[in-house]
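Summary of structural features
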Amino acid sequence: MSNQLFQEARRFVEMAKSASPAERDSAVEKAKNALSSAFANSTFAEQRQLQQMQNELEQ
């Protein structure tokens, strides 16, 4: 069984990375919210991946 919140966070991060400049701020906020929600319900390995995704957003 896959972690739905983890998958959703990954999808939002990808959307934020490819968002247009006008949509970027909103997309990043949505991605950060999804990452936060996923983090509490994830395994340690998933948490490490979520942290990497968050680092990608901040670059």
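Below or above, wherever it landed, is the structure these notes cover. (Residues numbered from 1 in each chain as written. Predicted model: local features only at pLDDT ≥ 70, side-chain atom pairs only at ≥ 80, totals over all residues. Heavy atoms only, no water.)

Between its terminal C-alpha atoms helix 3 (residues 44-58) stretches 21 Å, which fits the 21 Å expected from 15 residues at 1.5 Å a residue. Those residues of helix 3 that fall on the buried side of the exposure criterion are Glu46, Gln47, Leu50, Met53 and Leu57. Buried positions in helix 3, seen along its axis, are confined to an arc of 115 degrees and lie on one side of it. For helix 3, the exposed residues lying more than 90 degrees away from the buried face are Phe44 and Glu58. Buried positions along helix 3 lie against helix 1 (4-17) and helix 2 (21-40). (Helix = DSSP H or I, 4+ residues; strand = E, 2+ residues; numbered from the N terminus. Expected span 1.5 Å × (residues − 1). Buried < 20%, exposed > 50% of the residue type's maximum accessible area, 1.4 Å probe, protein only. Arc of directions from axis to C-beta. Contact = heavy atoms within 4.5 Å.)

Among the nonpolar cores identified, the biggest contains 15 residues, and Leu35, Leu50 and Leu57 are the most heavily contacted of them. Counting residues per element, the ones that place at least two in this core are helix 1, helix 2 and helix 3. The element contributing the most residues to this core is helix 2, with six residues. The contacts of Leu57, once residues within four sequence positions are left out, are Val13, Ala16, Arg24, Val28, Ala31, Lys32 and Leu35. (Core = buried A, V, L, I, M, F, W, Y, C linked by side-chain atoms within 4.5 Å.)

Under the criterion given, the structure shown has two salt bridges. Linking Lys17 and Glu14 is a salt bridge whose minimum nitrogen-to-oxygen distance equals 3.5 Å. Placement of the pair is Lys17 and Glu14 together in helix 1, with a separation of three residues, close to one helical turn. Residue class for Glu14 comes out partly exposed when judged on its relative accessible area of 42%. As a salt-bridge pair, Glu56 and Lys17 come within 2.7 Å of each other at their nearest N and O atoms. Of the two residues, Glu56 is situated in helix 3 and Lys17 in helix 1; the sequence distance between them amounts to 39 residues. On the accessibility criterion, Glu56 (34% relative accessible area) is partly exposed. Exposure remark for Lys17: the relative accessible area of 42% places this residue in the partly exposed category. One continuous salt-bridge network, built from bridges that share partners, spans Glu14, Lys17 and Glu56. (Salt bridge = Lys/Arg side-chain N within 4 Å of Asp/Glu carboxyl O.)

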